[in-house]
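# Survey of secondary and tertiary structure
The residues making up each chain are set out below.
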Amino acid sequence: MTQAEFHSYRFDSHNEPSDEQLDQLMENAAEKVRETNRKSDEEFFSELRRASDEAKERGTRAEII
């Protein structure tokens, strides 16, 4: 399936996708999910590191006082 065919394909009740088309559609969907999960993980762990650093800083300041 070419990229043009892939992007122009639409599911409908009269036209079932071929096995090749379905495989390609599912692989593209899975790739988008993997990319979304990767970005989400990066954002989560970045926020976790920021919050951890902030908590350490508050603890250090409390020890000084």
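A brief structural summary. This structure is a prediction, so every number in the text was calculated from the model and none was measured.

### A closer look at the overall build of the protein
When you go through the protein residue by residue, the secondary structure sums to two helices and zero strands. Judged by the C-alpha coordinates and their principal axes, the protein covers about 75 × 20 × 15 Å. Burial status across the protein gives 8% buried among its 65 residues. Surface summary for the protein: the accessible area is close to 5900 Å², and the carbon and sulfur share equals 54%. If you average the places of the 10 positive and of the 17 negative side-chain charges in the protein, the two averages end up 10 Å apart.

### A short note on a nonpolar patch on the surface
On the surface, a nonpolar cluster with roughly 330 Å² of combined accessible area is contributed by Phe11, Leu22 and Met26. Note on placement: Phe11 falls in the loop between helix H1 (3-8) and helix H2 (19-64).

### Some thoughts on the pattern of salt bridges
Taken as a whole, this structure holds eight salt bridges when the rule is applied. Arg34 serves as the salt-bridge partner of Glu27, at 2.7 Å between the closest nitrogen and oxygen. Put simply, Arg34 and Glu31 hold a salt bridge, and the shortest N to O gap is 3.0 Å. Of this pair, Arg34 and Glu31 both sit in helix H2, separated by three residues, roughly a single helical turn. Classification of Arg34 by relative accessible area gives partly exposed; the value is 42%. Here the residues in one salt-bridge network are Glu35, Arg38, Lys39 and Glu42, joined through shared partners.

### Considering the packing of aromatic side chains
One pass over the full model with this rule turns up one aromatic pair. With centroids separated by 5.0 Å and ring planes inclined at 80 degrees, the aromatic side chains of Phe44 and Phe45 adopt a geometry described as edge-to-face.

### Side note on a negative patch on the surface
A surface patch of like charges, here negative, comprises Glu5, Asp19, Glu20 and Asp23. A total of three residues in the negative patch trace back to one element, the largest contributor, which is H2. Structurally, the position occupied by Glu5 is in helix H1. Given the relative accessible area of 45%, Glu5 is considered partly exposed.

Cut-offs and rules
- Residues numbered from 1 in each chain as written.
- Predicted model: local features only at pLDDT ≥ 70, side-chain atom pairs only at ≥ 80, totals over all residues.
- Heavy atoms only, no water.
- Helix = DSSP H or I, 4+ residues; strand = E, 2+ residues; numbered from the N terminus.
- Buried < 20%, exposed > 50% of the residue type's maximum accessible area, 1.4 Å probe, protein only.
- Areas by Shrake-Rupley, 256 points an atom, 1.4 Å probe, with all protein chains shown as cover.
- Lys, Arg positive; Asp, Glu negative; His and termini not counted.
- Charge placed at Lys NZ, Arg CZ, Asp CG, Glu CD.
- Patch = residues over 30% accessible without salt bridge, like charges linked within 9 Å, V, L, I, M, F, W, Y side chains within 5 Å.
- Salt bridge = Lys/Arg side-chain N within 4 Å of Asp/Glu carboxyl O.
- Phe/Tyr/Trp six-rings, centres within 6.5 Å; stacked < 30°, edge-to-face > 60°.

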